[in-house]
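Here are the chains, one letter per residue:
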Amino acid sequence: MTKPALTLYLAAPRGFCAGVDRAIKIVEMALQKWGAPVYVRHEIVHNKFVVDSLRDQGAVFVEELDQCPDDRPVIFSAHGVPKAVPAAAAKREMIYVDATCPLVSKVHIEAERHNRNGLQMIMIGHEGHPETVGTMGQLPEGEVLLVETVEDVATVQVRDPDKLAFVTQTTLSVDDTIDIVAALKARFPAIVGPHKEDICYATTNRQEAVKAIAGKCDALLVVGAPNSSNSKRLVEVASREGCQYAQLVQRATDIDWRALEGIKTLGITAGASAPEVLINEVIDAFRDRFDTTVEQVTTAEENVEFKVPRVLREPA
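Residues numbered from 1 in each chain as written. Predicted model: local features only at pLDDT ≥ 70, side-chain atom pairs only at ≥ 80, totals over all residues. Heavy atoms only, no water.

**Student:** I would appreciate a short explanation of the packing of helix 1 (residues 18-34) against helix 2 (residues 48-57) in the present structure.
**Tutor:** When two helices pack together, their arrangement is captured by the angle between the axes and the distance separating the axes. With their axes 10 Å apart at the nearest point, helix 1 and helix 2 run at an angle of 5 degrees to one another. Taken together, the axes of helix 1 and helix 2 are roughly parallel relative to one another. The residues of helix 2 that touch helix 1, namely those facing Ile 24, Val 27, Glu 28 and Leu 31, are Val 50, Leu 54 and Gln 57. Looking at the contact of helix 1 with helix 2 residue by residue, the class counts come to five nonpolar, one polar and one charged. (Axes fitted to C-alpha atoms, helices over the stretch in contact; angles between N-to-C directions. Helix = DSSP H or I, 4+ residues; strand = E, 2+ residues; numbered from the N terminus. Parallel < 35°, antiparallel > 145°, perpendicular 65-115°, else oblique. Contact = heavy atoms within 4.5 Å. Nonpolar A, V, L, I, M, F, W, Y, C, P; charged D, E, K, R; others polar.)

Okay, structure coming up:
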């Protein structure tokens, strides 16, 4: 029986970004330096496959610092942590390594600078997301107010409308934040923003690549985890760009084949914490069922690399 023909558009850039790459490397280097177990507060990155493979190497994932013993190293996730966490680790004289993505750290530094200048912060982000919790936790209670939507901007209660600044979660959709920033500037004309939007280059690049293919795809799959903010934004971008069927899948076993019956064109991309091995697994699943032609669509080249902390580069 002949397989139906399928043109598969593979978005590039896709998958791992420099911050995720660095965070995973930090856990692996910590295991090499100190041996197992090494504790990690929260998932190092939002991907079950990555977390499980690090767990197999001896990483122990916990929710809070009080679940870690004093005598083993602990790593803080790429999303960043409130200031109170490293302070508590230092008080207990623990070895700790901060794997916060440097682009998230940049937002933390920005928030602190504005605070020193007497400005109250407004953060555009998702409530409860580890990055939002970490950024808001850089400053005392009440100094960072969260807005998630344009509607929130209308009701947010500020201390002084003339002394405000805003920052954004790095993994949001560029299109969504434009509207929220416009609403903030309309309501608070004196509000100070970052020189460049805080949304990271990798998030922006992956969204632009999806925009380039979504319009010509009958369906588009985003390989990523359901708790990955940047992966969920890619699904939204694809839908907004006119793709009739855009779905998030963790791996090939999650594909809903019935929903894809009769497709002629398919887009595939992956969130910033999804490894290439899972992307290839999805492509292979389509090759099994379709006569597949793969066409990579590249909208940007990425050559960013972040150094790991010095403590891991020094001998034990």
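**Student:** Is there a simple way to explain the layout of surface pockets in this structure?
**Tutor:** Where empty space is left becomes clear once a probe the size of a water molecule has been rolled over the atoms. The space that makes up the largest pocket amounts to roughly 250 Å³. Lining the largest pocket are 14 residues, with Asp 98, Thr 100, Ser 105, His 108 and Gln 138 positioned closest to its centre. Sorting elements by how many residues they give to the lining of the largest pocket places helix 4 (residues 102-116) first, with five residues. Split into classes, the residues belonging to the lining of the largest pocket amount to six nonpolar, four polar and four charged. (1 Å grid on protein atoms, 1.4 Å probe; cavity = no way out; pocket = protein on both sides within 12 Å on 5 of 7 lines; lining within 4 Å. Points joined across faces, edges and corners; volume = space filled by probe spheres on them.)

**Student:** How should empty space enclosed by the protein be read in this particular structure?
**Tutor:** The tally for this structure, following the rule as stated, stands at one cavity of 30 Å³ or more. The volume enclosed by the largest cavity comes to roughly 270 Å³. Lining the largest cavity are 22 residues, with Cys 17, Val 20, His 79, Thr 171 and Asn 230 sitting closest to its centre. Secondary structure elements with two or more residues in the lining of the largest cavity: helix 1, helix 4, helix 8 (201-214) and helix 9 (229-240). Taken together, the residues that form the lining of the largest cavity break down as 10 nonpolar, 11 polar and one charged.

**Student:** Sorry, what's going on with the environment of Ile 26 here?
**Tutor:** Within the secondary structure, Ile 26 sits in helix 1. For the pair Ile 26 and Ile 95, spaced 69 residues apart in sequence, the C-alpha to C-alpha distance is 13 Å. In contact with Ile 26, not counting residues within four places along its chain, are Ile 75, Val 97, Asp 98, Ala 99, Val 308, Pro 309 and Leu 312.

**Student:** Sorry, what's going on with the sheet that holds strand 6 (residues 120-124) here?
**Tutor:** Hydrogen bonds between backbone groups are what pair the strands of a sheet, and the pairing can be parallel or antiparallel. One open sheet holds the three strands; their spatial order is 7-6-8, and the pairing between them is parallel. Each edge of the open sheet carries a strand with a single partner, namely strand 7 (144-147) and strand 8 (164-168). With direction set aside, neighbouring strand axes in the sheet form an average angle of 30 degrees. Across four bridges, strand 6 lies against strand 7 in parallel orientation. What sits directly across from Met 121, in strand 7, is Val 144. Sheet strands touched by helix 4: strand 6 and strand 8. Its angle to strand 8, the strand with the most contacts, is close to 175 degrees. Helix-sheet contacts for helix 7 (residues 174-187) involve strand 6, strand 7 and strand 8, and the interaxial angle to strand 6 is about 155 degrees. (Pairing = 2+ DSSP bridges.)

**Student:** Please clarify how helix 9 should be interpreted in this entry.
**Tutor:** Owing to its 3.6 residues per turn, the α-helix aligns residues three or four sequence positions apart on the same side. End to end, helix 9 covers 17 Å across 12 residues, agreeing with the expected 16 Å (1.5 Å per residue, within 8%). If you check which residues of helix 9 are buried, you get Ser 229, Asn 230, Ser 231, Arg 233, Leu 234, Val 235, Val 237 and Ala 238. Of the surrounding secondary structure, the elements contacted by the buried residues of helix 9 are helix 8, strand 9 (219-223), strand 10 (246-249) and strand 11 (265-270). Two residues or fewer after helix 9 comes Gly 242, characterised by a positive phi angle close to 100 degrees. (Expected span 1.5 Å × (residues − 1). Buried < 20%, exposed > 50% of the residue type's maximum accessible area, 1.4 Å probe, protein only.)

Taken by themselves, the reported measurements are silent on function.
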